[in-house]
Amino acid sequence: MGALPQGLDLLQDLKVTILSSTTLYPSEKTERRSMFLSNIDQILNFDVETIHFFAANLEFPAAAVVERLSSALEKVLVPYDFLAGRLKLEPGDGRLVMDCNAAGVELVVASSELKMEEVGDLECPNPAFRQLVAENPDNGLALEDRPLCSFQVTSFKCGGFALGICNNHITLDGLSFQAFLQNLAAVASNQPLATNPCNDRHLLAARSPPRVTFPHPELITHPSIRHPNQHPPSTLLDSTSSYLQFHLFHLSPDDISTLKNKAKTSHPPASSSFNVVAAHLWRCKALASSKCNTNKPSTILYAVDLRSRLKPPLPNSYTGNAVLSAYATAPCGDLEKGPFARIVELVYKGAERMTDEYARSVIDWGQLNQGFPWGDVVVSSWLRLGFSEVEYPWGRPKHSCPVGNPQWDIILLFPTTGKEGKGMNALVALPAEDVEKFRTLFYKFLARDGVRS
């Protein structure tokens, strides 16, 4: 187990030069249409950036990769026509819709003066990785002119390269983004689509009339937000935070087994790897906060996929955002002194709460209220997204990772890529004043003997 060493001298300049920028369009004429966006989609109007690092492949130098990728993107923009579209506001109610107008996506080609090994440990959260992603421009652009998706291929001197992707979260959730990558890789390999995307977002429309049948303490209203174009805070954004620093904490398979042993509960399914790690990180982050006191409640949020939970189930190929925030709440005193098994059970029950009726109630709540989920601890799991398992013509990525945003108060969980087995890395956003306490608690709770911890 380990954390990103303090004082690690990370490269601040990857010496990247932009060589070209091109707008790509669907390879076939697509019908112009307005795509309905669900109430889940509506609150996710912000960009997500990922980077996929590839080792050198003699059969695919950078120019060949760019040529094959460009052609594949133009072809997949036909079934994924909304990626080439733009957001716009509906007159009257101010709801966002996607104007599928074939305005295109951006492809940037760049080169670095470095070899990939000179970048350092790819698993370390280096803010300089942002240089490998072409951000979607929004400053000075009207909403209807902002691209929803951009790609950047950056070649290194060793022959390896990075594929950086920036997409508005409204376009795809984690699972549908992975399906998109699978389809992109298939088309780039001259194969048919791996799955046909389901673009009907009416499947998650609110009921008429809307029926809120549960209390929803995980949701808060924000009356100053009149429409989603004002970029409301979401499950990921904390507009009240000072500048946050990302720190990487590693959990080996033995560490995860230790947590499972501490979490022995009467419900074995509760002690999954995700549940025990989420519970561990929840109490560390809550107790490390300078705002923590014994009686103060702490709430953890974590995404739950709805596809198999709804009746009838959503198609696995559903492209929209089909995740909602499960939650668990406990006083900080209980997180500090209560049995670890109880904390794990709360995390487990939070996900179990997400039935078809509960999910529909959340969606209907969004029809009646302007607001969003809120918790002081937010965990986003990339454990099952499988970005590094996508097989491109030039091979699988040697590493795929998100680019952390210093304004995102979040914990990102993703699998390790080493030979030790199924470990996890936790990329934790922390204010500077909380870092040392979090680090101390992380190891203290992990090392404490006994079932009660």
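What you see is a predicted model, and the numbers here were worked out from it, not measured in a lab.

### Digging into the overall build of the protein chain
Helix and strand counts for the protein chain come out as nine helices and 18 strands. In the protein chain, which comprises 453 residues, the proportion classed as buried is 55%. A separation of at least 24 residues holds for 81% of the contacts in the protein chain among residues at least 6 apart in sequence. Of the roughly 19,600 Å² that the protein chain leaves accessible, carbon and sulfur atoms contribute 51%.

### Some remarks on the pattern of salt bridges
Under the definition given, this model contains 12 salt bridges. Note that Lys285 is salt-bridged to Asp409, the shortest N-O span being 2.9 Å. Residue Lys285 is found in helix 5 (residues 273–288), and its partner Asp409 is found in the loop between strand 16 (399–402) and strand 17 (411–415); the two are separated by 124 residues along the sequence. Of the two residues examined, Lys285 and Asp409, each falls in the buried class. A single network of salt bridges, built from pairs that share partners, joins Asp173, Asp305 and Arg307.

### Brief notes about the side chain of Thr154
Of note, Thr154 is situated in strand 8 (residues 149–155). Within the local environment of Thr154, its side chain forms a polar contact with the side chain of Gln152, the two groups lying 2.9 Å apart. If we skip the residues at most four places from it in the chain, Thr154 touches Val16, Ala110, Ser111, Ser112, Leu132, Gly160, Phe161 and Ala162.

### Topic: the packing of aromatic side chains
For any two aromatic rings, the description comes down to two numbers: the centre-to-centre distance and the angle of the planes. One pass over the full model with this rule turns up 19 aromatic pairs. Here Phe177 and Phe387 contribute two aromatic rings whose centre-to-centre distance is 5.3 Å and whose plane-to-plane angle is 85 degrees, an arrangement assigned as edge-to-face. Of the two residues, Phe177 sits in helix 3 (residues 174–188) while Phe387 sits in the loop between strand 15 (377–381) and strand 16, which places them 210 residues apart along the sequence. For the pair formed by Phe177 and Phe387, the shared burial category is buried. Between Phe438 and Phe442, the ring centres sit 6.2 Å apart and the planes meet at 25 degrees, which makes this aromatic pair stacked. Placement of both Phe438 and Phe442 in helix 9 (residues 435–447) is noted, with a separation of four residues, approximately one turn of the helix. Among the residues examined, Phe442 registers a relative accessible area of 0% and is labelled buried. Between the NZ or CZ atom of Arg283 and the centre of the ring of Phe445, over which it lies, the distance is 3.9 Å. Taking the ring centre of Tyr327 as reference, the NZ or CZ of Arg353 above it sits at 4.0 Å.

### Quick look at the sheet that holds strand 4 (residues 47–54)
Strand order in the open sheet formed by six strands is 2-7-8-9-4-16, with mixed pairing between adjacent strands. If you trace the sheet from one side to the other, it starts and ends with strand 2 (16–24) and strand 16, each paired once. Adjacent strand axes in the sheet meet at a mean angle of 15 degrees when their direction is disregarded. Here eight bridges tie strand 4 to strand 9 (residues 161–168), and the two strands are oriented antiparallel to one another. Bridging across to strand 9, Val48 finds its partner in Asn167. Sheet strands in contact with helix 2 (residues 62–76) are strand 2, strand 7 (105–112), strand 8 and strand 9, and its direction is about 165 degrees off that of strand 8.

### Structural notes on the environment of Val347
Among the secondary structure elements, Val347 is positioned in helix 7 (residues 340–352). With relative accessibility at 0%, the residue Val347 sits in the buried group. On a C-alpha basis, the gap between Val347 and Val276 in space is 8.4 Å, while along the polypeptide they are 71 residues apart. Each residue touching Val347, except ones within four places of it in the same chain, is listed here: Asn275, Ala278, Ala279, Trp282, Tyr302 and Ala328.

### Thoughts on the sheet that holds strand 5 (residues 86–89)
Read across the open sheet, the three strands follow the order 3-6-5; overall the sheet is antiparallel. Two strands bound the open sheet, and with one partner strand each, they are strand 3 (33–35) and strand 5. Each adjacent strand pair in this sheet contributes to an overall mean axis angle of 40 degrees, direction not counted. Summarising the sheet, strand 5 and strand 6 (residues 96–100) pair through four bridges and their orientation is antiparallel. Paired with Arg86 across the bridge in strand 6 is Asp99.

### With respect to the nonpolar core
Ranked by internal contacts, the top residues of the largest apolar core, which has 123 residues, are Phe151, Phe180, Val277, Trp282 and Phe438. Ranked by residue count, the leading element in this core is helix 5, at 11 residues. Each residue touching Phe180, except ones within four places of it in the same chain, is listed here: Leu73, Val76, Tyr80, Leu83, Phe151 and Leu172.

Cut-off values and rules
Every chain is numbered independently, its residues counted from 1 as its sequence is written. With pLDDT at 70 or above as the cut-off, local features in this predicted model cover only qualifying residues; side-chain atom pairs require 80 or more to be listed or tallied, and sums for whole chains, interfaces and linings still use all residues. Each side-chain value is worked out from all heavy atoms of the structure, with water and hydrogens disregarded. To qualify as a helix, a DSSP run of H or I must reach at least 4 residues; to qualify as a strand, a run of E must reach at least 2; elements of each kind are numbered from the N terminus. Relative accessibility under 20% of the residue-type maximum defines a buried residue, over 50% an exposed one, and the middle range a partly exposed one, all with a 1.4 Å probe and only protein chains included. Every residue pair with non-hydrogen atoms within 4.5 Å of one another is taken to be in contact. Computed by Shrake-Rupley with a 1.4 Å probe, the accessible areas treat only the displayed protein chains as cover when residues are assessed. Each reported salt bridge corresponds to a side-chain nitrogen of Lys or Arg within 4 Å of a carboxyl oxygen of Asp or Glu. Counted as a polar contact is a pair of N or O atoms within 3.5 Å, where, for protein atoms, one must be capable of donating a hydrogen and the other of accepting one, and residues adjacent in sequence contribute only when both atoms are in side chains. Centres within 6.5 Å are what make two rings of Phe, Tyr or Trp a pair, Trp counting through its six-membered ring; a difference in plane orientation under 30 degrees is then read as stacked, over 60 as edge-to-face, and the rest as tilted. Charges are assigned to positions over rings by a cutoff of 6 Å between ring centre and Lys NZ or Arg CZ, combined with an angular limit of 35 degrees from the ring normal. DSSP calls a pair of strands paired once it identifies at least 2 bridges connecting them. Between the N-to-C directions of two axes lies an angle of 0 to 180 degrees, each axis being a line fitted to C-alpha atoms and, for a helix, fitted only over the stretch in contact. Side-chain atoms within 4.5 Å are what join buried Ala, Val, Leu, Ile, Met, Phe, Trp, Tyr and Cys residues into a set we call a nonpolar core.

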